[in-house]
Amino acid sequence: MAENYFNIDEKLLELSEKALNRCKEEFIKIDKTTEINQQKVLYAFSANRVSEADLSITTGYGYGDRGREALDKVAAMCLGAEDSIVRHSFASGTHTLTVALFGLLRPGEKMLCVTGTPYDTIRPVIGIKGKEGRGSLKDFGITYMQTELTDSGRVDLDAVEKMLKTEKIKMVYIQRSRGYTLRPSLSVEEIGEIVALTRNFSDAIVMVDNCYGEFVQTKEPTDFGADIIAGSLIKNPGGGIAKCGGYIAGKKELVELCAYRMTAPGIGKEVGATLGHTRDMLMGLFHAPHVVGEALKTAVFCASLYELLGFDASPAHNEERYDIIQSISLGNPERLIAFCRGLQKGSPIDSFVVPEPWDMPGYDNKVIMAAGAFTSGSSIELSADAPLREPFAVWLQGGLNFHSAKIGILLSAQEMLKEGLISL
Ligand SMILES: *Cc1c(COP(=O)(O)O)cnc(C)c1O
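What you are looking at is a predicted structure, and each value in this text was computed from that prediction instead of being measured.

What about the overall build of the protein chain?
Phase 1 of the analysis: Along the backbone of the protein chain there are eleven helices and twelve strands.
Phase 2 of the analysis: A compact globule built from 424 residues should have a C-alpha radius of gyration of about 22 Å, and the protein chain, at 21 Å, falls within 12% of that.
Phase 3 of the analysis: Per-residue burial over the protein chain gives 56% buried out of 424 residues.
Phase 4 of the analysis: Within the protein chain, residue pairs in contact and separated by at least 24 positions form 71% of the contacts whose partners lie at least 6 positions apart.
Phase 5 of the analysis: Here the protein chain displays about 18300 Å² of accessible surface, and carbon together with sulfur accounts for 53% of that area.

Here you go:
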């Protein structure tokens, strides 16, 4: 690198070259996936005849909003689903998943999560955490059960089979991404196995929390038989352009039930002014395969560099990936803090902010975060979170473009170097 605007240590730059060289095979695989997914998305735009008029604004009820209808069709096709609802008015991924769960489950029915304890924010929705009386599934008489993961972090298919044989399960719930744990994420093929197992013993709905998984492989859980999937637009499928929102996709009649919960029974997806968000959501979806590829390259490079620095990366740089999350075990709180501070310096927004560990509501340990994003809280943009507890691992995700995110990663290491927390 001839120019060195960020004054990155020469030895670190040498190591970076070495780290990058080790990524070649992975990058080729990522490019192949991107190319297939990008073609799929372009084809969906063309097959659904998306027009300039679809990019316009509706207000009020938003009846007959053609852009909204086009977006739902395009997203469904990209996700291998019969239908979808893609809306800026979903406040977050959690809200979107909540709408789907309440849309599909009825009092007296049973939900079985097969991937161990679900993501933090879903627990109060189910009613396994938090106060009673707030309107959780539990408050509405929906029973929750889960099967634990095996010691190697895999779905315990025997335990699932036993449950399906002995209990009347209405929904089998799968979390594809590892979230902020060290378990492996699930491939769409593994999800397909769980679908097949479910079909053998019951007519349960298979729902997948698809957060962080979209476009990481060339197929989605819906292509492998999942009935319904949901996710956030400030992660993968928003391509870094959607300003907010979420999506639900799957079987037509199930998407319709979710739409009745989203608006009102009898109204469903026929209303909802888009207020000018359609262009962002369409453009974001269009960019999503490429941006997910950039985020994956960022993760692979980060793993490669930190492995060379002597740390444990999960997944390893050359391991298969089914989501965009990368964790690095840094061993002590000082390194965690330095990592986040360095990464923040490599952000386009708020690069001058110094992250501090804080007592985040709902967490048992202090948490430190690095985020300098165009969209607040967006985790398809380069970002990192770390709870200050053993094994002092940082979870990194995103990167709108690899070239920029690479500098962020180098600055995270530079910060540790500067503080004498690593040596080269
Ligand atoms: C991000 C995420 C959610 C929730 O999304 P929010 O937008 O943070 O509410 C749910 N499940 C998983 C696995 C996630 O990664």
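Overview of the sheet that holds strand S9 (residues 326-329)
Phase 1 of the analysis: On the basis of which strands lie adjacent, the open sheet formed by five strands has the order S8-S9-S12-S11-S10 and antiparallel pairing. At either margin of the open sheet sits one strand with a lone partner, and together these are strand S8 (312-314) and strand S10 (367-371). Sheet twist, expressed as the average angle between the axes of neighbouring strands with direction ignored, equals 20°.
Phase 2 of the analysis: Two elements, S10 and strand S11 (residues 383-387), share five bridges in a ladder whose sense is antiparallel.

Some points on helix H6 (residues 157-166)
Phase 1 of the analysis: Taken as a whole, H6 has its buried residues at Val160, Met163 and Leu164. The buried residues of H6 all sit within an arc of 95° when viewed along its axis, so they share a single face. Pointing more than 90 degrees away from the buried face of H6 are the exposed residues Asp158, Lys162, Lys165 and Thr166.
Phase 2 of the analysis: In this structure, the buried residues of H6 make contact with strand S2 (110-113), strand S3 (143-146), strand S4 (171-175) and helix H7 (188-201).

Let's talk about the packing of aromatic side chains
The description of two aromatic rings rests on the distance between their centres and on the angle between their planes.
Phase 1 of the analysis: Taken as a whole, this structure holds seven aromatic pairs when the rule is applied.
Phase 2 of the analysis: Ring centres of Tyr306 and Phe339 lie 5.4 Å apart, and the angle between their planes is 50°; on these two criteria the pair is classed as tilted. Of this pair, Tyr306 sits in helix H9 (residues 278-308) while Phe339 is found in helix H10 (residues 333-345), placing the two residues 33 residues apart along the sequence. By the burial criterion, Tyr306 is buried, and Phe339 matches it.
Phase 3 of the analysis: Three or more aromatic residues joined by ring pairs make a cluster, and in this case those are Phe27, Phe301 and Phe402.
Phase 4 of the analysis: The ring of Tyr212 carries the charged tip of Lys235 above its face, separated from the ring centre by 4.1 Å.
Phase 5 of the analysis: Cation over ring: Lys406 sits above Phe301, and NZ or CZ is 6.0 Å from the ring centre.

Some points on the packing of helix H2 (residues 24-47) against H9
Phase 1 of the analysis: Their axes nearest at 9 Å, the elements H2 and H9 cross at an angle of 175°. Taken as axis vectors, H2 and H9 run roughly antiparallel relative to one another. For the pair formed by H2 and H9, the contact residues are Glu26, Phe27, Ile30, Asp31, Thr34, Asn37, Gln38, Val41, Leu42 and Phe45 on the first element and Leu282, Leu285, Phe286, His287, Pro289, His290, Gly293, Leu296, Lys297 and Val300 on the second.

So, the sheet that holds strand S5 (residues 205-209)
Phase 1 of the analysis: Spatially, the seven strands line up as an open sheet ordered S1-S7-S6-S5-S4-S2-S3, and their pairing is mixed. Either end of the sheet is taken by a strand with one partner, and the two such strands are strand S1 (83-87) and S3. Sheet twist, expressed as the mean angle between neighbouring strand axes with direction ignored, is 20°.
Phase 2 of the analysis: As judged from the five bridges shared by S1 and strand S7 (residues 246-250), these two strands associate in the antiparallel manner. Among the inter-strand pairings, Ile85 is bridged to a residue of S7, identified as Ile248.

Examining the site of the ligand
Phase 1 of the analysis: Taken together, Ser92, Gly93, Thr94, Leu97, Tyr119, Thr121, Gln175, Asp209, Cys211, Tyr212 and Lys235 make up all the residues around the ligand.
Phase 2 of the analysis: In the model, a nitrogen atom of the ligand is placed 2.6 Å from a nitrogen or oxygen of the Asp209 side chain.
Phase 3 of the analysis: In isolation the ligand offers 380 Å² of accessible surface; the protein chains occlude 89% of this area.
Phase 4 of the analysis: For the shell around the ligand, the element with the most residues is helix H4 (residues 93-104), which contributes three residues.
Phase 5 of the analysis: The class makeup of the residues in the shell around the ligand is four nonpolar, five polar and two charged.

Remarks on the packing of H2 against helix H3 (residues 66-78)
Phase 1 of the analysis: Following both chains from N to C, one finds H2 and H3 inclined at 145°, their axes separated by 9 Å at the closest point. Crossing of H2 against H3: the hand is right-handed. Only Val74, Met77 and Cys78 of H3 make contact with H2, whose side of the interface consists of Lys40, Val41, Tyr43, Ala44, Phe45 and Ala47.

Focus on the pairing of S11
Phase 1 of the analysis: In terms of burial, S11 is a largely internal element, five of the five residues being buried.
Phase 2 of the analysis: Burial along S11 is two-sided: Ser383, Asp385 and Pro387 and Ala384 and Ala386, pointing in opposite directions, are all buried.
Phase 3 of the analysis: The pairing of S11 with strand S12 (residues 393-397) spans three bridges and is antiparallel. When the bridges of S12 are listed, Ser383 appears paired with Gln397.
Phase 4 of the analysis: Hairpin connection from S11 to S12: five residues lie between these consecutive antiparallel strands, with Phe392 at a positive phi of about 50°.

Details of the environment of Gln397
Phase 1 of the analysis: On the secondary structure map, Gln397 appears in strand S12.
Phase 2 of the analysis: Remark: the alpha-carbon pair of Gln397 and Leu382, spanning 15 residues in sequence, is separated by 5.8 Å.
Phase 3 of the analysis: Non-local contacts of Gln397, meaning those with residues more than four positions away in its chain, are made with Tyr180, Tyr212, Ile324, Ile325, Ser379, Glu381, Leu382, Ser383, Ala384 and Asp385.
Phase 4 of the analysis: One polar contact links Gln397 to Asp385, side chain to side chain, over a distance of 3.3 Å.

Description of the nonpolar core
Phase 1 of the analysis: Val172, Ile174, Leu305, Tyr306, Leu330, Phe339 and Val394 are the most contacted members of the largest nonpolar core, which has 93 residues in total.
Phase 2 of the analysis: The leading source of residues in this core is H9, at 14 residues.
Phase 3 of the analysis: Residue contributions to this core reach at least three from each of two domains, namely domain 1 (10-38 + 289-418) and domain 2 (51-285).
Phase 4 of the analysis: In terms of nonpolar packing, the next biggest core, distinct from the first, is built from 29 residues, Ile85, Ile126, Ile228 and Ala230 among them.

About the thresholds
Residues numbered from 1 in each chain as written. Predicted model: local features only at pLDDT ≥ 70, side-chain atom pairs only at ≥ 80, totals over all residues. Heavy atoms only, no water. Helix = DSSP H or I, 4+ residues; strand = E, 2+ residues; numbered from the N terminus. Rg over C-alpha atoms; globule rule 2.2 N^0.38 Å. Buried < 20%, exposed > 50% of the residue type's maximum accessible area, 1.4 Å probe, protein only. Contact = heavy atoms within 4.5 Å. Areas by Shrake-Rupley, 256 points an atom, 1.4 Å probe, with all protein chains shown as cover. Pairing = 2+ DSSP bridges. Axes fitted to C-alpha atoms, helices over the stretch in contact; angles between N-to-C directions. Arc of directions from axis to C-beta. Phe/Tyr/Trp six-rings, centres within 6.5 Å; stacked < 30°, edge-to-face > 60°. Lys NZ or Arg CZ within 6 Å of the ring centre and 35° of its normal. Parallel < 35°, antiparallel > 145°, perpendicular 65-115°, else oblique. Near = heavy atom within 4 Å. Polar contact = N/O pair within 3.5 Å; in protein donor to acceptor, adjacent residues only side chain to side chain. Nonpolar A, V, L, I, M, F, W, Y, C, P; charged D, E, K, R; others polar. Left-handed = near helix turned anticlockwise from the far one by under 90°. Core = buried A, V, L, I, M, F, W, Y, C linked by side-chain atoms within 4.5 Å. Domains from an automatic or database assignment.

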